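So the chains spell out like this:
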There are 8 protein chains.
Amino acid sequence: MKKPLVGIVMGSDSDLPVMRGAADILDEFGIPWEVLISSAHRAPEKTSDYARRAAERGLAVIIAGAGGAAHLAGVIAGHTPLPVIGVPIASGALNGVDALYATVQMPPGIPVATVALNGAKNAGILAAQIVSAGQPEVRDKVIAYKEKMARQVEEKSTRLQE
Amino acid sequence: MKKPLVGIVMGSDSDLPVMRGAADILDEFGIPWEVLISSAHRAPEKTSDYARRAAERGLAVIIAGAGGAAHLAGVIAGHTPLPVIGVPIASGALNGVDALYATVQMPPGIPVATVALNGAKNAGILAAQIVSAGQPEVRDKVIAYKEKMARQVEEKSTRLQE
Amino acid sequence: MKKPLVGIVMGSDSDLPVMRGAADILDEFGIPWEVLISSAHRAPEKTSDYARRAAERGLAVIIAGAGGAAHLAGVIAGHTPLPVIGVPIASGALNGVDALYATVQMPPGIPVATVALNGAKNAGILAAQIVSAGQPEVRDKVIAYKEKMARQVEEKSTRLQE
Amino acid sequence: MKKPLVGIVMGSDSDLPVMRGAADILDEFGIPWEVLISSAHRAPEKTSDYARRAAERGLAVIIAGAGGAAHLAGVIAGHTPLPVIGVPIASGALNGVDALYATVQMPPGIPVATVALNGAKNAGILAAQIVSAGQPEVRDKVIAYKEKMARQVEEKSTRLQE
Amino acid sequence: MKKPLVGIVMGSDSDLPVMRGAADILDEFGIPWEVLISSAHRAPEKTSDYARRAAERGLAVIIAGAGGAAHLAGVIAGHTPLPVIGVPIASGALNGVDALYATVQMPPGIPVATVALNGAKNAGILAAQIVSAGQPEVRDKVIAYKEKMARQVEEKSTRLQE
Amino acid sequence: MKKPLVGIVMGSDSDLPVMRGAADILDEFGIPWEVLISSAHRAPEKTSDYARRAAERGLAVIIAGAGGAAHLAGVIAGHTPLPVIGVPIASGALNGVDALYATVQMPPGIPVATVALNGAKNAGILAAQIVSAGQPEVRDKVIAYKEKMARQVEEKSTRLQE
Amino acid sequence: MKKPLVGIVMGSDSDLPVMRGAADILDEFGIPWEVLISSAHRAPEKTSDYARRAAERGLAVIIAGAGGAAHLAGVIAGHTPLPVIGVPIASGALNGVDALYATVQMPPGIPVATVALNGAKNAGILAAQIVSAGQPEVRDKVIAYKEKMARQVEEKSTRLQE
Amino acid sequence: MKKPLVGIVMGSDSDLPVMRGAADILDEFGIPWEVLISSAHRAPEKTSDYARRAAERGLAVIIAGAGGAAHLAGVIAGHTPLPVIGVPIASGALNGVDALYATVQMPPGIPVATVALNGAKNAGILAAQIVSAGQPEVRDKVIAYKEKMARQVEEKSTRLQE
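Residues numbered from 1 in each chain as written. Chains lettered and ligands numbered in written order. Predicted model: local features only at pLDDT ≥ 70, side-chain atom pairs only at ≥ 80, totals over all residues. Heavy atoms only, no water.

Novice: Tell me about the overall build of chain A, and name the residues and values.
Specialist: Scanning chain A for helices and strands turns up six helices and five strands. Along chain A, helices and strands appear, N-terminal first, in the series β-α-β-α-β-α-β-α-β-α-α. Principal axes of the C-alpha set define a box for chain A whose edges measure 55 × 40 × 30 Å. Each of the 162 residues in chain A was classed as buried or not, and the buried ones make up 68%. Taking as baseline every contact in chain A between residues at least 6 positions apart, the subset at least 24 positions apart corresponds to 69%. Counting every atom, chain A has about 5,300 Å² of accessible surface; 51% of that belongs to carbon and sulfur. (Helix = DSSP H or I, 4+ residues; strand = E, 2+ residues; numbered from the N terminus. Buried < 20%, exposed > 50% of the residue type's maximum accessible area, 1.4 Å probe, protein only. Contact = heavy atoms within 4.5 Å. Areas by Shrake-Rupley, 256 points an atom, 1.4 Å probe, with all protein chains shown as cover.)

If you want it as structure tokens, here you go:
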């Protein structure tokens, strides 16, 4: 088994159905990943330890998904020089507007690369794009993936017109 | 000088004009306080160290003010058993809706006692009310403060009608 | 039976399924509580009488939950020197944004310690943290509770990786 | 001097520049009014006393203006059988969305007749329309007022085309 | 059958389940009403004809309910000197925020007395309060209704504590 | 002078600085227009008369701009078979969100072609595009206009890089 | 079969149930249409090719529907001199507020004629109104359609009163 | 001069004061960049040409900033396999909520790494973090940058306490 390049962290196991999307697409791109449940609030030491050690352990990107006052991605970004991708998760009464704002509105100095609400699949693709900076063969897979999408749109359109 | 009972933490020195309101009202109630600039993202170790040691240092309450993706109060609350009061600060393009949601929408297990946007004065009063649980003479000051407010409303109303 | 330290007030019996969360966690912390249905609008005398007598009756904290134009916590806070915790309840067409704003945006002088939408459990924990100011053994229970949460996150994460 | 028919209540003297609009239009309709500063939170007794005695004192309508967690109109409505008109006032970081929701989203049983943000002038016209239910000569003034508005629009349009 | 005092207008028969709440409460107060489906957009002549003739036909109040870009109450208010109560109806993707803003944010000169989203019952109570300006016996019914509500809260609270 | 093809209606002369943008761009396309101040609420007859007669008078499009509970475009659309373009105008405490929702969220059957907040210039371009359906030479002007925009972007980019 | 005058484009086949509303009403008006699935992001070449060739192929209007960050209508409008109607589609966690803003808030120079969320039927009517600029018999159909709507409101109102 | 690794694209020269923040921080990290004004709507060919050729020209990341219906980042992402960072710019009546939603809510398949409103500086840091995947010396600079931030917070806090 290859050493993971992407760490997928989520605040609660209830986020798993959404966050699985990131793992699935990374599998499709052949990029090894690992998964962790942690919490910026309920398990703050675990979270900061993981973030602090991520770079030396060989990770290239961390994807963090959380709902509500979604501090997970931001807290991780505070502890690592790696790029951190935030997935705001739609849950609770505000249905994710809180998670989106709490993920994206980071102060100067500590960016979180935020994707759409529940956008774990796109988080995986973005991670692949970042990894591809150092691995040309991943770039080729991204290009192939985009061409496949364009073909699929074409096919759906053709089918509709029949 | 008396040992501080309330810690006032803010994410940036630009939050000082708002957060000063908490210190002023604590002075009025005769409750000793201390102040700290820290940041959940730019100075994560400093923030968690402070929060972890707050109870043993004799603090009774922590007030934390931040804007944008305001993680400060929540991160502190993750590291201390003390009650934490959050002051969402209105700044930037969303003018504080982001800070309000990021402060108040905490997950089960880790409450942040959130006051109004820029409500540092109320944070100070709430801290006094919490301190008063163990100090009856503070309770009396809170009662006197409320009576003074009622009289002031009365006076303003009388003046208006003249 | 011990004298209640926390009063749990709600605007309608339809709020009971949410507000029960506060009572359950207070039981877990061994803090005696009482419950009341009242309404700032439909039973204004009952509400203000209860709030005015709360301190002398020995309560230390009041938790108030309401939806829509949620005035209950604020009105109670106007009548008592005790700390008041507000639980905005998600209901109706605006799904709680109205209740959140009506609970948290209190004017200077009268704070309401607001927790998340439907955050009754956190209201209970916050009440315990406030009570712990005068009762060190409650502080120990809060610390134990936080350690239990961290362990549970750890276990869930381990289970996920198996 | 005639006995007032309309009570204009505001939460703070800072609301006066807005609320004056109600008094001015009532003067234009020849309807006597009185003004009061009170606060649902800082002067709760004064507020409920005023509301409870309003009907017997001969008032026909109460207009209440407040900003933030604007409970004033709702609290007054809880204490009187009179129709209560609420004027949400735009102030603070949320610029009145909080006041609008806190004024209009009243629970079943206790309506507040809400007008636009800062809509004190319309509150005065609505009060006149309500008073006109028992006073036909006020109805005639409302009709005349509407005709004057239509003429003014006509004149502005004509001037523009010149 | 008595001549109707309140006209209940709605934009579509899909609004009937909500708007029925106004008719029911008016029945409880013994105030005769009539009902009409019309539309500011699909049946503009019918709407303006109804509004223009309402006062001379003896109506005292018009209640208008609509969803989406809810122009109905405002358009009626433009054509009558009577007080107009607007009921914003929650429907469609924005779930009534559109209807609330389109109903309440009327320009100076033409108020609409807006109640809560789907607040048809409160619209009925407000209509009764307005009618009571000229009919003291309706005032007594409103007082009795409020007392009944307070008793019901009391009973629910007692039952909860058993 | 040529007979106007586009009618520009606004709710108040305070809307003129914004709405002038529509007239200016129509001049640039050589499309004759006329202007009117009217109001769905303050001058309802004038508004509906204008809308009802617009088609027979030879107009091809109506542009209507209004702020707040912006009913103007919708009310006009109810009275004419012509395409109606709505310009929501940002004003007041909600800064145009109310006007946007009140303009765009029209019920099935009566569309309003809504442009951006304060988007009067785009309303003029859209009117030109609609007029071009019957006038090929206007189509050519639209194409030329788009080419000019692309060139201007090019020039600005070049200048930046120097 | 007649050459299509209206192109209906949608970002995904999941938009079909909504967008069908446009096709149905165009059939009712006897206006020939064509349909296409394309995507501003997944099939950008297909989208721009379609838009660039639309005018020369004889289309008079393009209707584009998309959800989320709904760029489809705006991107098409960038590539064609034809009027483009945008249908924001309610989907995902933000339920269409994102699609509405991304469709309507176009920059100066490139309008998109935006209809209500999910307002495909109104998009079809608006397309017919635009086509009617060059085809008087379509204008007559629009007039007849509006008269039918008014009759239907009348009938529903009569039925309600029986 | 070194070949640029980061392309900074903005929709209008009015975005320059904000977007300059990205260039400044890239200079600080010693990462060569280039700048371009283009527009998804006014210069669609220029935009797609630039995006299509970016990878082969040796760029590693594209940063795109736009306001309103901010399609620029999304459209570029549709045309390149490179990671695209979106900077929503606060402008106009909605003050950037439109730009945020239009940038972040991308459909599955085409991510845009979104930073805070006006967060150009963070876009630059994120670009550096991405570039550092292939360049270890940039990673060291990111680490040094984070340490400097922590020291600055420390210094400000110390100064405050003096």
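Novice: Pulling in residues and values, what's your account of the packing of aromatic side chains?
Specialist: Residue and element names in this part refer to chain A. Throughout the structure, instances matching the rule amount to twelve aromatic pairs over all chains. Judged by centre distance (5.4 Å) and plane angle (55°), the rings of Phe-29 and Tyr-145 are tilted. Taken together, the residues span a long stretch of sequence, with Phe-29 in helix H1 (residues 16-29) and Tyr-145 in helix H6 (residues 136-161) at a distance of 116 residues. (Phe/Tyr/Trp six-rings, centres within 6.5 Å; stacked < 30°, edge-to-face > 60°.)

Novice: Could you give me a rundown of the interface of chain B and chain C, with the residues and numbers involved?
Specialist: The interface of chain B with chain C comprises 38 residues on the first partner and 38 residues on the second. In this assembly, chain B packs against chain C so that about 3,100 Å² is buried in total across both faces, 63% of it on carbon and sulfur atoms. Where chain B touches chain C, the interface holds zero salt bridges. Joining chain B to chain C, the criterion identifies 20 residue pairs in polar contact (both at pLDDT 80 or more). Broken down by secondary-structure element, the contributors of at least two residues to the side of chain B that touches chain C are helix H3 (72-78), helix H4 (97-104), strand E5 (113-114), helix H5 (120-131) and helix H6 (136-161) of chain B. A per-class count over the side of chain B that touches chain C returns 27 nonpolar, eight polar and three charged. (Buried area = accessible area lost by both parts, 1.4 Å probe. Salt bridge = Lys/Arg side-chain N within 4 Å of Asp/Glu carboxyl O. Polar contact = N/O pair within 3.5 Å; in protein donor to acceptor, adjacent residues only side chain to side chain. Nonpolar A, V, L, I, M, F, W, Y, C, P; charged D, E, K, R; others polar.)

Novice: Could you give an account of the relation of the copies chain B and chain C, naming the residues involved and the relevant values?
Specialist: For the pair chain B and chain C, the relating rotation is 180°, the translation along its axis is 0.0 Å, and the fit reaches an RMSD of 0.0 Å. Such values leave the two copies arranged in the relation of a two-fold axis. A high fraction, 100%, of the interface residues of chain B reappear at the interface in chain C, so the copies pair face to face through one surface. (Least-squares fit on C-alpha atoms with pLDDT ≥ 70 in both.)

Novice: Describe the relation of the copies chain E and chain D, naming the residues involved and giving the relevant values.
Specialist: With an RMSD of 0.0 Å, chain E superimposes on chain D once it is rotated by 180° and translated 0.0 Å along the axis. When the interface residues of chain E are mapped onto chain D, 100% of them again lie at the interface, so the same face is used by both copies.

Novice: With reference to specific residues and values, describe the interface of chain E and chain D.
Specialist: Each partner contributes residues to the interface: chain E has 38 residues there, and chain D has 38 residues. Of the roughly 3,000 Å² buried between chain E and chain D on both sides combined, carbon and sulfur atoms contribute 63%. For chain E, the biggest contributors to the area lost against chain D are Pro-81, Pro-111 and Lys-146 of chain E; these three give 18% of the whole. In this assembly, chain E and chain D are joined by zero salt bridges. Inspection of the region where chain E meets chain D yields 20 residue pairs in polar contact (both at pLDDT 80 or more).

Novice: Kindly report on the pairing of strand E1 (residues 6-10) of chain F, identifying the contributing residues and their values.
Specialist: Residues and elements named next belong to chain F. Burial runs high along E1: five of the five residues are buried. Alternating positions in E1 separate into two faces, Val-6, Ile-8 and Met-10 on one and Gly-7 and Val-9 on the other, with burial throughout. Sheet analysis places E1 next to strand E2 (residues 33-37), joined by five bridges and oriented parallel. Pairing of Val-6 across the sheet is with Trp-33, part of E2. Handedness of the crossover is the feature at issue here: the chain leaves E1, passes through helix H1 (residues 16-29), returns alongside E2, and the resulting connection is right-handed. Relative to strand E3 (residues 61-67), E1 is paired through five bridges, and the arrangement is parallel. (Pairing = 2+ DSSP bridges. Right-handed = clockwise from strand over helix to strand, strands pointing away.)

Novice: Please give an account of the environment of Val-104 of chain C that cites residues and values.
Specialist: By secondary structure assignment, the location of Val-104 of chain C is in helix H4 (residues 97-104). Residue Val-104 of chain C is classed as buried on the basis of its relative accessible area, which comes to 1%. Sequence separation between Val-104 of chain C and Ala-70 of chain C is 34 residues, and the spatial gap between their C-alpha atoms is 9.7 Å. Contacts of Val-104 of chain C, omitting those with residues within four sequence positions, involve Leu-100, Thr-114, Val-115 and Ala-116 of chain B together with Thr-114 of chain C.

Novice: Could you give an account of helix H6 (residues 136-161) of chain G, with specific residues and numbers?
Specialist: Helix length check: H6 of chain G (26 residues) gives 38 Å between terminal C-alpha atoms against 38 Å at 1.5 Å per residue, within 8%. Looking at H6 of chain G, one finds that the buried residues are Val-138, Arg-139, Val-142, Tyr-145, Lys-146, Met-149, Val-153 and Ser-157 of chain G. On its buried side, H6 of chain G packs onto strand E2 (33-37) and helix H2 (44-54) of chain E, helix H3 (72-78) of chain F together with helix H1 (16-29) and helix H5 (120-131) of chain G. (Expected span 1.5 Å × (residues − 1).)

Novice: Give a detailed account of the pattern of salt bridges, specifying residues and quantitative values.
Specialist: All names here are of chain D. All chains considered together, the criterion is met by 56 salt bridges over all chains. Taking the shortest distance from any N to any O, the salt bridge between Glu-34 and Arg-57 comes out at 2.7 Å. Taken together, the positions of Glu-34 in strand E2 (residues 33-37) and Arg-57 in the loop between helix H2 (44-54) and strand E3 (61-67) put the pair 23 residues apart, joining distant regions of the chain. Classification of Arg-57 by relative accessible area gives partly exposed; the value is 28%.

Novice: Describe helix H4 (residues 97-104) of chain A, listing the residues and the values that go with them.
Specialist: The buried fraction of H4 of chain A is high, at eight of eight residues. Of all the positions in H4 of chain A, only Val-97, Asp-98, Ala-99, Leu-100, Tyr-101, Ala-102, Thr-103 and Val-104 of chain A are classed as buried.

Novice: Summarise the packing of helix H5 (residues 120-131) of chain E against helix H6 (residues 136-161) of chain E; cite the residues concerned and give the values.
Specialist: Residue and element names in this part refer to chain E. Interhelical geometry of H5 versus H6 gives an angle of 140° and a closest axis separation of 8 Å. By the criterion of interaxial angle, the relationship of H5 to H6 is oblique. The handedness of the crossing between H5 and H6 comes out as left-handed. Contacts from Lys-121, Ile-125, Ala-128, Gln-129 and Val-131 in H5 reach Val-138, Val-142 and Tyr-145 in H6. Broken down by class, the residue content of the contact of H5 with H6 amounts to six nonpolar, one polar and one charged. (Axes fitted to C-alpha atoms, helices over the stretch in contact; angles between N-to-C directions. Parallel < 35°, antiparallel > 145°, perpendicular 65-115°, else oblique. Left-handed = near helix turned anticlockwise from the far one by under 90°.)

Novice: Quick rundown of the environment of Lys-148 of chain C? Include the residues and the values.
Specialist: Residues and elements named next belong to chain C. Of note, Lys-148 is situated in helix H6 (residues 136-161). For Lys-148, a relative accessible area of 29% puts it in the partly exposed group. Distance from Lys-148 to Ala-54, taken between C-alpha atoms, is 33 Å for residues 94 residues apart in sequence.

Novice: Quick rundown of the layout of surface pockets? Include the residues and the values.
Specialist: Considered as a void within the structure, the largest pocket measures approximately 1,400 Å³ in volume. Those elements that place two or more of their residues in the lining of the largest pocket are H4 of chain A, H4 of chain B, H4 of chain C, helix H4 (97-104) of chain D, helix H4 (97-104) of chain E, helix H4 (97-104) of chain F, helix H4 (97-104) of chain G together with helix H4 (97-104) of chain H. (1 Å grid on protein atoms, 1.4 Å probe; cavity = no way out; pocket = protein on both sides within 12 Å on 5 of 7 lines; lining within 4 Å. Points joined across faces, edges and corners; volume = space filled by probe spheres on them.)

Novice: Give me the lowdown on the arrangement of the chains, citing residues and values where you can.
Specialist: A gap remains between chain C and chain F, which never touch, and the nearest two C-alpha atoms on either side lie 16 Å apart. One finds no contact linking chain D with chain H; the least C-alpha distance across the pair is 13 Å.

Novice: Talk me through the packing of H1 of chain F against helix H6 (residues 136-161) of chain F; I want residue IDs and the actual numbers.
Specialist: All names here are of chain F. Between H1 and H6, the shortest axis-to-axis distance is 10 Å and the interhelical angle comes to 110°. When the axes of H1 and H6 are compared, the pair comes out roughly perpendicular. Where H1 approaches H6, its residues Ile-25, Glu-28 and Phe-29 are matched on the opposing element by Lys-141, Val-142, Tyr-145 and Lys-148.

Novice: Before we move on, can you summarise the side chain of Glu-34 of chain B with the specific residues and values?
Specialist: All names here are of chain B. Accessibility expressed as a relative area gives 15% for Glu-34, which makes it buried. Side chain to side chain, Glu-34 and Arg-57 meet in a polar contact 2.6 Å long. Discounting chain neighbours no more than four positions away, the residues touching Glu-34 are Pro-4, Val-6, Gly-7, Ile-8, Tyr-50, Arg-57 and Leu-59.

In short, the description is geometric, and any link to function would need to be established separately.
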